[in-house]
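Residues per chain, in single letters:
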Protein chains: 2
Amino acid sequence: MKIAIAQMNFTIGHFEKNKRLIIEAISDSRQRGADLVVFSELSVCGYPPHDLLESDSFAELCSKSVAEIATHCNDIAAIVGAPVRNQKAFGKRLYNAAFFLQHGQIQAIYRKGLLPTYDVFDEYRYFEPETDFQVVPFKNKRIALTICEDIWNLGEPALYAVNPMYELTKQNPDFVVNISASPFAWNHLADRFKTFSETARKYQLPLFVSNQVGGHTDLLFDGSSGAFNPKGGLVGSLGAFTEGIEIFDLESVMRNTVSPVVPAMADWQKCKTIYQALVFGIKEYFGKLGFKKAILGLSGGLDSALVLTLAVEALGAENCMAILLPGPYSSEHSISDSLQLVHDQKVNYDIISISQTYGSIIDSLNVNFAGYHADVAEENIQARIRAVVLMALANKLGYVLLNTSNKSEAAVGYGTLYGDMCGGLSVIGDIYKTEAYSLARYINREKEIIPASILHKEPSAELKPNQRDTDSLPPYEILDKILFRFIELNMPAADIIASGFDADTVHRVIRMVNLSEFKRYQAPPVLRVSKKAFGSGRKMPLVARYPE
Amino acid sequence: MKIAIAQMNFTIGHFEKNKRLIIEAISDSRQRGADLVVFSELSVCGYPPHDLLESDSFAELCSKSVAEIATHCNDIAAIVGAPVRNQKAFGKRLYNAAFFLQHGQIQAIYRKGLLPTYDVFDEYRYFEPETDFQVVPFKNKRIALTICEDIWNLGEPALYAVNPMYELTKQNPDFVVNISASPFAWNHLADRFKTFSETARKYQLPLFVSNQVGGHTDLLFDGSSGAFNPKGGLVGSLGAFTEGIEIFDLESVMRNTVSPVVPAMADWQKCKTIYQALVFGIKEYFGKLGFKKAILGLSGGLDSALVLTLAVEALGAENCMAILLPGPYSSEHSISDSLQLVHDQKVNYDIISISQTYGSIIDSLNVNFAGYHADVAEENIQARIRAVVLMALANKLGYVLLNTSNKSEAAVGYGTLYGDMCGGLSVIGDIYKTEAYSLARYINREKEIIPASILHKEPSAELKPNQRDTDSLPPYEILDKILFRFIELNMPAADIIASGFDADTVHRVIRMVNLSEFKRYQAPPVLRVSKKAFGSGRKMPLVARYPE
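This structure is a prediction, so every number in the text was calculated from the model and none was measured. (Residues numbered from 1 in each chain as written. Chains lettered and ligands numbered in written order. Predicted model: local features only at pLDDT ≥ 70, side-chain atom pairs only at ≥ 80, totals over all residues. Heavy atoms only, no water.)

> Looking at this model, I keep getting lost on the sheet that holds strand E3 (residues 77–85) of chain B. Mind explaining?
Think of a sheet as strands paired side by side through backbone hydrogen bonds, with each pair either parallel or antiparallel. Residue and element names in this part refer to chain B. Taken together, six strands build an open sheet; the order of strands is E5-E4-E3-E2-E1-E14 and the sheet is mixed. Each edge of the sheet is formed by a strand with only one pairing partner; in this case those strands are strand E5 (105–111) and strand E14 (244–249). Adjacent strand axes in the sheet meet at a mean angle of 30°, parallel and antiparallel pairs treated alike. Here three bridges tie strand E2 (residues 36–38) to E3, and the two strands are oriented parallel to one another. Residue Val 38 lies in a different strand from E3, and its bridge partner there is Ile 79. Lying over the sheet, helix H1 (residues 15–31) contacts strand E1 (2–7), E2, E3 and E14, oriented at roughly 40° with respect to E14. Against the sheet, helix H2 (residues 56–70) engages E3, strand E4 (94–102) and E5, with an angle of about 160° to E3. (Pairing = 2+ DSSP bridges. Helix = DSSP H or I, 4+ residues; strand = E, 2+ residues; numbered from the N terminus. Axes fitted to C-alpha atoms, helices over the stretch in contact; angles between N-to-C directions. Contact = heavy atoms within 4.5 Å.)

Here it is as structure tokens:
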């Protein structure tokens, strides 16, 4: 038996496109001799559709797509993902389902049992969990069909009372299929491999995983679908951030003896995968929204240089516009380094001074500001004027403004709301400052793409004379480690201190993170590359006291 | 037996304050002869704590609070809400629980069975649902103790497979206690009354409800706790948006024969309750964050006049600062009407023209803008300069900027991101424009507080010559009805058209709503007064195709 894994890039709610992709892949797989072709979770509508699932017409469009796709399943079977109505007398209106299509019609429907509702996942908001699981018979074989989380109930204690694989294995399946929508995080790839490998090995069954590829606003899906032998070894993978169809021979996979090897990740590999992810994320955001051109402000610092470089790779230099916005406290090197960057990358640019406008605003406020020392108010004015200019150009000329804030500054609130926090998409908002340096060094590994002077200068917002980031923040090497422990590892202050950090610094950093929740509430969506990004996966109350 | 309902205003995560409130209310209730005092859901930590629940230290602080509160429960019993650890081998880490405290210790723990996970609720993100329900014995009585949603499983089909009251009634309870955190919506009060009344009547048991009061960022809790007789009649209520302790005699409530009367709501009552809610919401946001002073831009239009009036009521005129920001296209009446308003309300104000700064920005962009017609870019510049000025004053002088956008314009994207969409809190972002007029007329019911000229002028953004809102939007009487059907009632376009609206207009409005998701993603938190507000209760994908 030949099983095709189709790793496709769906657009949420774009039924025509998704249907066409699926029907073409069915036809292609049939021609290549496949008996069965497997698509990803909610393939018909794209994942995650969020509250679109609450509209009746959306569910109907899903059903219509499945029905039409079924008519193309002759001489081949297909598994597609779509919501299905709950017909029971209780429960949420929908199930998250996998449709088994054969002989031109729906032969079986498998309903998802385990509904992830944590971090970026909110499936119980829409779906009823199924508790009854049946294998799907197909050509004298039995398929243990599962959906994503269904095979992830591995923690101690287990997150769910139910384990679909226990029920399915009682029915003597011949192989496991898992259709999934498992988002990317650079350090999630090993977890995923481990889960797939252990599932195959535990049940001594071949496992075929079809994962979605695509960028859905903040969430990036890398795909990396593949087939595992009954020992847990990876027989073949479809690669990351790319579409494809791969055909596996079931009997070969069963006989295959490759051992499981958890992919190790060197630092440069981490950089490479994050680089790929961010470029892909920009491409997807623009491509799926029908935009072509990006604009951003170049400060002369690392973050904007990095975002420009990623945007050039994603959209082409000809579609990127860099604006240098010198102000009263900008250094000469902020201009000269930026000019070198745009020249090297062949990017259109302009220099628009904000000094006159800054003077005008200050002038209009001089009665109100009289008697007060200069403080963060004046700094914010500069950042906000830059945003006005950038947004004016974006509005007039049809650009999307890229946000250039990094995760460290977003975490501690070292950014101006409605100023440098503006933008349609935050490209590096899930990248700590120290990771931004690593990424820049990775980009420069063969030749100097980001000028060395930008990498080596001391970080400064240049919003007052002789300002340095370290005037108000701990050194990034320390800050980022504390932030990683607090945000990603969810460690309380005491444990972070116990792991070797200065108590005052830890408390100060945590206080800064907590006090800037209100800023992040209004921040743009952030391309998620870690296991805990700011945005939909981290939901903190604003009006609250936080334990410190 | 005497049962005290304590309707208290907790602050999320403020364990000291919450504990003090609870202990004082226990002492007070004991002095007033109560046998039992009932607090609201998650009273110990405040509701909703969101991802604070994911930190171990938070759960520990909850446990410590409960333990300390228990020591005060001598000669009186108390029911408090707090998370409790899940000790089972599976499931989420916590339950949402009610602790029955007596004889100085925890006597019983009831765990919530039905976890609302829709609209603004996300309880399954944190809590395991309980499936085993036991009455709590107390002084020869049996209490059917329930938590909020536990008695709300009334839909057809029912939302949950489990019904805690079915299990509890098998154990012959004498009365029902429901501790809840049911947020305010002007049209939710009748639903709530109906649910409580029907629960009491169905099981022929007295029902005592303790609901939280307080503003938690966007969510407002009105309290309106009360006691119902076994016929479903309301014996007594604790009122809306106020703290209080009310003592009910169980035997009197049992014998009480008041009939259930669903509270009707006249239009002025709707206005009154919304007015109360918004004033309360402002008070709470400022009070709990430790802020005193608000600033806002006065345009001469209805929305900012309304927000100023609400802020004056909430914070006092002396704590409000109004800024008139005339620009190149501002009318004379925008100034004169605003001046009348600030004089009448005795509010400090200033007039800061944006024209010079606007000229300066346009000047700096003249090369880039050459050859282009004036369009929305120039309009947005004006709105954004106003935001820069307002935020500068807020930063320098310690004000919080109030956002003045209404729900109609937020819905269709008729607002400038980083311009008039700025602010720490959106006061009327859940009020349609036509409701804003009703609210203003309600405020003016006895004397003219908002100048009549502001109510009677035609709405205009005044960002270009002779601009009117109706240049780009349908009349608000039509627009708001379409929006209500689309947003609150979740009706598809076809049904809205069938209910008597022009097809092109309906499609255009829906398209505008969908295309402005990206703006609302970055909007401030909105005081929620309807059943479907923008913000945490409405979660739409940005990169997507929406069915039209």
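> I'm lost on unusual backbone geometry in this one. Help?
Generally, phi is negative for residues other than glycine and the peptide bonds are trans, each holding for most cases. Residue A:Pro48 follows A:Tyr47 across a cis peptide bond; omega there is 0°. Take A:Pro48: it is sitting in the loop between strand E2 (36–38) and helix H2 (56–70). Unlike most non-glycine residues, A:Asp75 shows phi in positive territory, near 60°. The residue A:Asp75 is located in the loop between H2 and strand E3 (77–85) in this model. Of note, B:Lys139 is a non-glycine position whose phi angle comes to about 50°, a positive value. Following the sequence through the fold, B:Lys139 ends up in the loop between strand E6 (136–138) and strand E7 (141–147).

> I tried to follow the packing of helix H1 (residues 15–31) of chain A against H2(A) on my own but got confused; where do I start?
Helix packing geometry: the angle between the two helix axes and the distance between the axes. Residue and element names in this part refer to chain A. Where H1 meets H2, the axes come as close as 10 Å, and the angle between the chain directions of the two elements is 20°. With respect to H2, the axis of H1 lies roughly parallel. At the point where H1 passes H2, the crossing takes the right-handed sense. For the pair H1 and H2, the contacting residues are Phe 15, Lys 19, Ile 22, Ile 23 and Ile 26 in the first and Phe 58, Leu 61, Cys 62, Ser 65, Glu 68 and Ile 69 in the second. For the contact of H1 with H2, the class distribution of residues is eight nonpolar, one polar and two charged. (Parallel < 35°, antiparallel > 145°, perpendicular 65-115°, else oblique. Left-handed = near helix turned anticlockwise from the far one by under 90°. Nonpolar A, V, L, I, M, F, W, Y, C, P; charged D, E, K, R; others polar.)

> Mind showing me how you'd approach the packing of aromatic side chains here?
We describe a pair of aromatic rings using the distance from one ring centre to the other and the angle between the two ring planes. Applying the stated criterion across every chain, the model contains 31 aromatic pairs over all chains. A ring pair is formed by B:Phe175 and B:Phe208, whose centres lie 5.7 Å apart and whose planes are at 90°; its orientation type is edge-to-face. One end of the pair, B:Phe175, is in strand E8 (residues 175–180); the other, B:Phe208, is in strand E9 (residues 207–211), and 33 residues separate them in sequence. B:Phe175 sits in the buried class, given a relative accessible area of 0%. Site record: aromatic cluster; members linked through ring pairs are A:Trp152, A:Phe193, A:Phe196 and A:Phe228. It is B:Lys92 that lies over the ring of B:Tyr124; its NZ or CZ is 4.6 Å from the centre. Directly above the ring of B:Tyr399 sits B:Lys293, whose terminal nitrogen or CZ lies 4.6 Å from the centroid. (Phe/Tyr/Trp six-rings, centres within 6.5 Å; stacked < 30°, edge-to-face > 60°. Buried < 20%, exposed > 50% of the residue type's maximum accessible area, 1.4 Å probe, protein only. Lys NZ or Arg CZ within 6 Å of the ring centre and 35° of its normal.)

> What should I look at first to understand the side chain of A:Ser40 in this one?
Tracing the chain through its elements places A:Ser40 in the loop between E2 and H2. Contacts of A:Ser40, omitting those with residues within four sequence positions, involve A:Phe10, A:Gly81, A:Ile179, A:Ser180, A:Ser210, A:Asn211 and A:Gln212.

> Is there a simple way to explain the environment of B:Asn348 in this structure?
All names here are of chain B. Assignment of secondary structure puts Asn 348 in strand E17 (residues 348–351). Judged by its relative accessible area of 49%, Asn 348 is partly exposed. For the pair Asn 348 and Glu 378, spaced 30 residues apart in the sequence, the C-alpha separation amounts to 30 Å. Once you skip the residues sitting within four places of it in the chain, Asn 348 turns out to touch Cys 320, Met 321 and Ala 322.

> Help me understand the interface of chain A and chain B in this model?
Many authors give the size of an interface as the accessible area that is lost as the parts come together. On the side of chain B, 92 residues touch chain A, which itself brings 92 residues to the contact. Overall, the association of chain A and chain B removes approximately 8000 Å² of surface from exposure, summing both partners, and the carbon and sulfur fraction of that is 60%. On the chain A side of the interface with chain B, the three residues burying the most area are A:Lys396, A:Lys539 and A:Val543, jointly 11% of the side's total. In this structure, the connection of chain A to chain B is made through six salt bridges. Across the pair B:Glu378 and A:Lys396 runs a salt bridge, and its minimum N-O distance is 2.9 Å. (Buried area = accessible area lost by both parts, 1.4 Å probe. Salt bridge = Lys/Arg side-chain N within 4 Å of Asp/Glu carboxyl O.)

> For this particular structure, what's the right way to read the side chain of B:Thr195?
Mapped onto the secondary structure, B:Thr195 falls in helix H4 (residues 189–203). Discounting chain neighbours no more than four positions away, the residues touching B:Thr195 are B:Ile151, B:Trp152 and B:Leu154.

> Would you mind going over the relation of the copies chain A and chain B with me for this structure?
Two copies of one chain are present, and they are related through a rotation about an axis combined with an axial shift. Laying chain A over chain B is done by rotating through 180° and shifting 0.0 Å along the axis; what remains is an RMSD of 0.0 Å. Within this description, the copies of the chain are treated as partners about a two-fold rotation axis. When C-alpha positions in chain A are compared against the rotation axis, the closest is assigned to A:Gln522, at 2.1 Å. Mapped onto chain B, 100% of the interface residues of chain A again fall at the interface, so both copies present the same surface. (Least-squares fit on C-alpha atoms with pLDDT ≥ 70 in both.)

> Honestly, the pattern of salt bridges in this entry has me stumped. Any pointers?
Pairing between side chains of opposite charge can happen when their charged atoms approach one another. Per the counting criterion, the structure on display carries 64 salt bridges over all chains. Residues B:Arg20 and B:Glu24 are paired through a salt bridge, measuring 4.0 Å at the closest nitrogen-oxygen approach. Taken together, the residues span about one helical turn, with B:Arg20 and B:Glu24 both in helix H1 at a distance of four residues. Taking the relative accessible area as the measure of exposure, B:Glu24 reaches 47% and is therefore partly exposed. Each of A:Glu16, A:Lys19 and A:Glu68 takes part in a single network of salt bridges with overlapping partners.

> Just to check I follow, could you spell out the confidence of the model for chain A for this structure?
A residue-level look at chain A finds 100% of positions with pLDDT of 70 or above and a mean pLDDT of 96. Model confidence for the complex: the whole-complex pTM is 0.97, and ipTM, which rates the interface, is 0.96. (pLDDT = per-residue confidence, 0-100.)

> Any chance you could explain the nonpolar core here in plain terms?
General note: in soluble globular proteins, nonpolar side chains tend to be found buried as a group. Core analysis: the biggest nonpolar cluster contains 104 residues, and A:Phe39 and B:Phe39 have the highest contact counts within it. Apart from the residues within four sequence positions on either side, A:Phe39 is in contact with A:Ala6, A:Met8, A:Phe10, A:Ile22, A:Ala25, A:Ile26, A:Ala78, A:Ile79, A:Val80, A:Ile179 and A:Ser210. In this structure, A:Ile323, A:Ala394, B:Val388 and B:Ala392 belong to the second largest nonpolar core, which totals 58 residues. (Core = buried A, V, L, I, M, F, W, Y, C linked by side-chain atoms within 4.5 Å.)

> I tried to follow helix H9 (residues 355–364) of chain A on my own but got confused; where do I start?
For an α-helix, 3.6 residues make a turn, and residues three or four places apart therefore share a direction. The complete set of buried residues in H9(A) reads A:Thr357, A:Tyr358, A:Ser360 and A:Ile361. In a view along the axis of H9(A), the buried residues occupy a sector of 160°, so they form one face of it. (Arc of directions from axis to C-beta.)

> What is the right way to look at the environment of B:Ala264 in this model?
Residue and element names in this part refer to chain B. Here Ala 264 lies in the loop between helix H5 (250–255) and helix H6 (267–289). For Ala 264, a relative accessible area of 67% translates into the label exposed. Distance from Ala 264 to Ile 381, taken between C-alpha atoms, is 47 Å for residues 117 residues apart in sequence.

> For this particular structure, what's the right way to read the pairing of E7(B)?
Residue and element names in this part refer to chain B. In terms of burial, E7 is largely enclosed, as five of its seven residues are buried. Here E6 runs beside E7; their pairing, made up of three bridges, is antiparallel. Note on E7: the bridge partner recorded for Phe 138 is Lys 141. With antiparallel pairing between neighbouring strands as the criterion, E6 and E7 make up a hairpin whose turn holds two residues, including Lys 139 at a positive phi of roughly 50°.

> How do you make sense of the sheet that holds strand E12 (residues 226–228) of chain A when you look at a structure like this?
Residue and element names in this part refer to chain A. What the six strands build is an open sheet, ordered E6-E7-E8-E9-E12-E13; its pairing is mixed. A strand with exactly one partner marks an edge of an open sheet, and here the two such strands are strand E6 (136–138) and strand E13 (234–237). Neighbour-to-neighbour, the strand axes of this sheet turn through a mean angle of 20°, independent of strand direction. Relative to E13, E12 runs antiparallel, the two being bridged by three bridges. Counted as the bridge partner of Ala 227 is Gly 236 from E13. Along the sheet, helix H4 (residues 189–203) contacts strand E8 (175–180), strand E9 (207–211), E12 and E13; its crossing angle with E9, the most-contacted strand, is approximately 150°.

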